[in-house]
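# Structural overview
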Amino acid sequence: MLEIKNLFASAGDRQILKDLSLTVPTGEVHAIMGPNGAGKSTLSYILAGRDGYEVTGGEVLLDGEDILSLAPEDRAAKGMFLGFQYPVEIPGVPTTTFLRMALNAVRKARGERELDAIEFLRLLKTKTKLLGVTEDMLKRALNVGFSGGEKKRNEVLQMAILEPRLAVLDETDSGLDIDALRIVAEGCNALRSPERSMLIITHYQRLLNYIVPDRIHVLAQGAIQRSGGKELALELEEKGYAEFGGEAA
Amino acid sequence: MTTQDELLGQLVDEKYKYGFVTDIESEAAPKGMNEDIIRFISAKKEEPSWLLEWRLSAYRAWTQMHEPRWSKLDYPAIDYQDAHYYSAPKATEKLKSLDEVDPELLETYKKLGIPIREQELLAGVEPTVAVDAVFDSVSVATTFKKKLAEVGVIFCPISEAVREHPELVRKYLGSVVPVTDNFYATLNSAAFTDGSFVYIPKGVRCPMELSTYFRINAANTGQFERTLIIADAGSYVSYLEGCTAPKRDENQLHAAVVELVALDDAEIKYSTVQNWYPGDENGKGGIYNFVTKRGACRGRNSKISWTQVETGSAITWKYPSCILQGDNSVGEFYSVAIANNYQQADTGTKMIHIGRNTKSRIVSKGISAGHGQNTYRGLVRVLPRAEGARNYTQCDSLLIGSSCGAHTVPYIESRNPGATIEHEASTAKISDDQLFYCRQRGIPQEEAVSLIVNGFCREVMQQLPMEFAVEAQKLIGISLEGSVG
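Let us look at the structure shown here. The model shown is predicted, which means the values in this text are computed figures rather than measured ones. (Residues numbered from 1 in each chain as written. Chains lettered and ligands numbered in written order. Predicted model: local features only at pLDDT ≥ 70, side-chain atom pairs only at ≥ 80, totals over all residues. Heavy atoms only, no water.)

When its secondary structure is counted, chain A shows nine helices and 12 strands. On C-alpha atoms alone, chain A measures out to a radius of gyration of 18 Å, which is about the 18 Å that the 2.2 N^0.38 rule sets for 249 residues. For the C-alpha atoms alone, the extent of chain A along its principal axes is close to 55 × 40 × 35 Å. Taken across its 249 residues, chain A has 54% of its residues classed as buried. Across chain A, contacts joining residues at least 24 apart in sequence account for 67% of those joining residues at least 6 apart. On chain A, roughly 10,600 Å² of surface is accessible, and the fraction owed to carbon and sulfur atoms is 48%. (Helix = DSSP H or I, 4+ residues; strand = E, 2+ residues; numbered from the N terminus. Rg over C-alpha atoms; globule rule 2.2 N^0.38 Å. Buried < 20%, exposed > 50% of the residue type's maximum accessible area, 1.4 Å probe, protein only. Contact = heavy atoms within 4.5 Å. Areas by Shrake-Rupley, 256 points an atom, 1.4 Å probe, with all protein chains shown as cover.)

Structure follows, in structure tokens:
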């Protein structure tokens, strides 16, 4: 379960989050929608612990534990996963190597046994089927020369392997054509679980046709302005974000 | 009035004089370099007169030479008369157990995954527990020697080769790196005390990497090593020198010479992992490493491939080169050089195309961190007769932090209009985005740096013999610890 309580945060002189509160119970999928510049990506970075932001007030609890003082890798070990809007390229590091290293780092931090190469490949095989991730993709350097769709599938694959308690997906739909979007969404849906909270950040309603959320929240001007059921997305699609002080969707 | 100290000093001096002039059994020569010292070294090694003359001619030339100052290296003047050129190999007191070894050193051994017994050998622990290990290494070495002897491969200390195979040594020693080649090589020619000799007979593929055996002996490598490897027609050998384990040495100055000769259709693969003490994080101490390495592809279709992973030393001055004399011969240079803290590396290669259709390939990966300065310096020279010569050079630099430097100095000289020469260069920084991405996936910062740097070096690391590649990868991570954040 993710609980954000009265969160204030700034980057440099700019106050970005102003008294933001939000709860995503375990087993639920919530979506955050909002105009550009509302602080959506900032929220995801703050949850994951990226440098460059200062939290000036409030708490973020993951399964009841305050994670704000933890390093990004320690948050990952607690089960925090961020699907990036722009996945990063790491030349010379095969995707498989990266995946195994990440899983074993997390397992090690949790005091679990690390997987050897054979065990890991077996696991990887079961996870790749659904996502249409090819062996060729796994051999290539991480995200280097990947198409937009391949990059996002790779993000979902990492989520499938790391099996997080909380998955935050930042604009996972950006840069995807309709077929790629469907594959990515199916991958996410397969990872819906009573053991997991998901927070989907998106500008458009489109993705929510495929991943139907339990709740939708509107983030604008640094705080949640309104919350509602899945029908809220359609309303936003129609009216835009104007009433929340943002530009039209 | 004479104080006790002065008396003691005189006594010590006298002892040295005594030992030096009349007693060949003495284990050390006094400081400094002169003809007497060379005679002393040569006598200790029971060398034939031709070799003594060879050393003396080097020494006489050396006195007329000047230290090269064209590199981008900044270090205080070296007093060559203040160094020992011959001393007993193991004067240090043996430790009782690993408990007495510097914990920092042990931590590094652990990270490298070096077995306990080998750790003891490296750290110089009294072999009470390690008797087996020593025994093992001797017996392993013997087994290796037997196996090599069966196919006629000669692999022995160079001083032994001088006695047992004088015709080969005399024919090839100094034939690739001439006595007067450069200041450091000439000093080495005068003063070398140790090193290896390898001869692979015609048509023989050396049945093992000459690395494993060498590694067992690596704890005793000297200050002025001299290595000579000859691959006769149609033969193949893979040789690995060095050690991933950090080594501390009282001798600050190191000047090795390595000569390789490949005859018709022969191939030599020479890999180095060098981790000499780089000095502390403030740039105090550390080894000065001035190395001359050169291979001659004398025969048709011969090939020489250099791979180096340079993580140690305060100063690195090193340009493993290939003289591509035989038609269709191939030269390769794969390099990873790390300069962290106040380390400085000026390293690269020379590819001299003489024969027709000669090919060379250069892949250099320089990593600079802290206040480190890393320079790639490379020469590609194509002579008029080298019809159809080809070179490909790729030269990449990676910067970590904002106080370090990367420099690329390529020299290209083509005197054959038909030659094809390609040069690609890039400079990149480890980005915050990359680090954050890795950490978000649970990979701690230092491991993330190591992962990214190893990715950057992958092309070179793949050239290393398998069993060493894994250790070298870990070594790269260790060398860059503390470089970020």
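With that out of the way, let us pick up the overall build of chain B. Counting its regular elements, chain B contains 14 helices and 18 strands. Burial statistics for chain B: of 485 residues in total, 57% are counted as buried. In chain B, the proportion of contacts linking residues at least 24 apart, taken out of those at least 6 apart, comes to 83%.

Inside soluble globular proteins, nonpolar side chains tend to come together where they are buried. By size, the foremost hydrophobic cluster in this structure holds 111 residues, and its most contacted members are Ile-367 and Val-453 of chain B. Discounting chain neighbours no more than four positions away, the residues touching Ile-367 of chain B are Val-336, Ala-337, Ile-338, Ala-339, Asn-374, Leu-398, Ile-400, Val-453, Phe-456, Cys-457 and Leu-480 of chain B. (Core = buried A, V, L, I, M, F, W, Y, C linked by side-chain atoms within 4.5 Å.)

Looking now at the sheet that holds strand E6 (residues 80-83) of chain A. All names here are of chain A. Sheet architecture is open: six strands sit in the order E6-E9-E10-E3-E11-E12, paired in mixed fashion. This sheet does not close on itself; its edge strands, each paired only once, are E6 and strand E12 (223-228). The mean inter-strand angle of the sheet, taken between neighbouring strand axes irrespective of direction, is 20°. Of the strand pairs in this sheet, E6 and strand E9 (residues 166-170) are connected by four bridges, and their pairing is parallel. Bridging from a neighbouring strand, Phe-81 pairs with Ala-167 of E9. (Pairing = 2+ DSSP bridges. Axes fitted to C-alpha atoms, helices over the stretch in contact; angles between N-to-C directions.)

All names here are of chain B. The parallel open sheet is built from seven strands, whose spatial order is E4-E7-E9-E12-E14-E16-E18. Of all the strands in the sheet, the pair left with one neighbour each is strand E4 (236-242) and strand E18 (420-429). Neighbour-to-neighbour, the strand axes of the sheet open up by a mean angle of 5°, direction not taken into account. Bridge analysis of E4 against strand E7 (residues 267-274) gives seven bridges, and the strand direction is parallel. By the bridge assignment for E7, Ser-238 is matched with Lys-269. Here helix H12 (residues 445-456) sits on the sheet in contact with strand E14 (359-369) and strand E16 (390-400), set at roughly 165° to E16.

Here we come to the pairing of strand E13 (residues 344-353) of chain B. Residues and elements named next belong to chain B. Of all the 10 residues making up E13, nine are buried; the element is thus mostly covered by neighbouring parts of the structure. As paired strands, strand E11 (residues 321-324) and E13 are joined by three bridges and run parallel to one another. Its bridge partner being in E13, Ile-323 is matched across the sheet by Ile-352. Relative to strand E15 (residues 373-382), E13 is paired through 10 bridges, and the arrangement is parallel. Counterpart to Met-351 in the pairing with E15 is Val-380.

Next up on the list: unusual backbone geometry. Backbone geometry follows two general trends: most residues other than glycine have a negative phi, and most peptide bonds adopt the trans configuration. All names here are of chain B. Unusually for a residue other than glycine, Asp-265 sits at a positive phi of about 60°. Following the sequence through the fold, Asp-265 ends up in the loop between strand E6 (257-262) and E7. Taking the relative accessible area as the measure of exposure, Asp-265 reaches 46% and is therefore partly exposed. Non-glycine residue Asn-357 carries a positive phi angle of around 50°. Tracing the backbone through its elements, the reader meets Asn-357 in the loop between E13 and E14. Asn-357 sits in the partly exposed class, given a relative accessible area of 39%.

Attention now moves to the pairing of E16 of chain B. All names here are of chain B. Most of E16 sits inside the fold, with 10 of its 11 residues counted as buried. Here E14 runs beside E16; their pairing, made up of 11 bridges, is parallel. By the bridge assignment, Ala-369 is partnered in E16 with Ile-400. Bridge analysis of E16 against E18 gives 10 bridges, and the strand direction is parallel. Residue pairing in the sheet places Asp-396 in a bridge with Ser-426 of E18.

Residues and elements named next belong to chain B. Where burial is concerned, most of helix H9 (residues 183-191) is hidden: nine out of the nine residues are buried. Taken residue by residue, H9 has Phe-183, Tyr-184, Ala-185, Thr-186, Leu-187, Asn-188, Ser-189, Ala-190 and Ala-191 as its buried positions. For H9, the capping residue at the N-terminal end is Asn-182, with a side-chain oxygen 2.9 Å from the backbone nitrogen of Tyr-184. (Polar contact = N/O pair within 3.5 Å; in protein donor to acceptor, adjacent residues only side chain to side chain.)

Taken together, the contact between chain A and chain B spans 30 residues of the former and 19 residues of the latter. When the two sides are added together, the surface that chain A and chain B hide from each other amounts to roughly 2,100 Å², 65% of it contributed by carbon and sulfur. If you sort the residues of chain A by the area they bury against chain B, Arg-50, Glu-73 and Met-101 of chain A come out on top, with a joint share of 27%. At the junction of chain A and chain B, the tally comes to three salt bridges. Salt-bridge contacts for Glu-73 of chain A lead to Arg-439 of chain B; the nearest nitrogen and oxygen are separated by 2.7 Å. Connecting chain A to chain B are 10 residue pairs in polar contact (both at pLDDT 80 or more). Residues of the side of chain A that touches chain B, tallied by class, amount to 22 nonpolar, four polar and four charged. (Buried area = accessible area lost by both parts, 1.4 Å probe. Salt bridge = Lys/Arg side-chain N within 4 Å of Asp/Glu carboxyl O. Nonpolar A, V, L, I, M, F, W, Y, C, P; charged D, E, K, R; others polar.)

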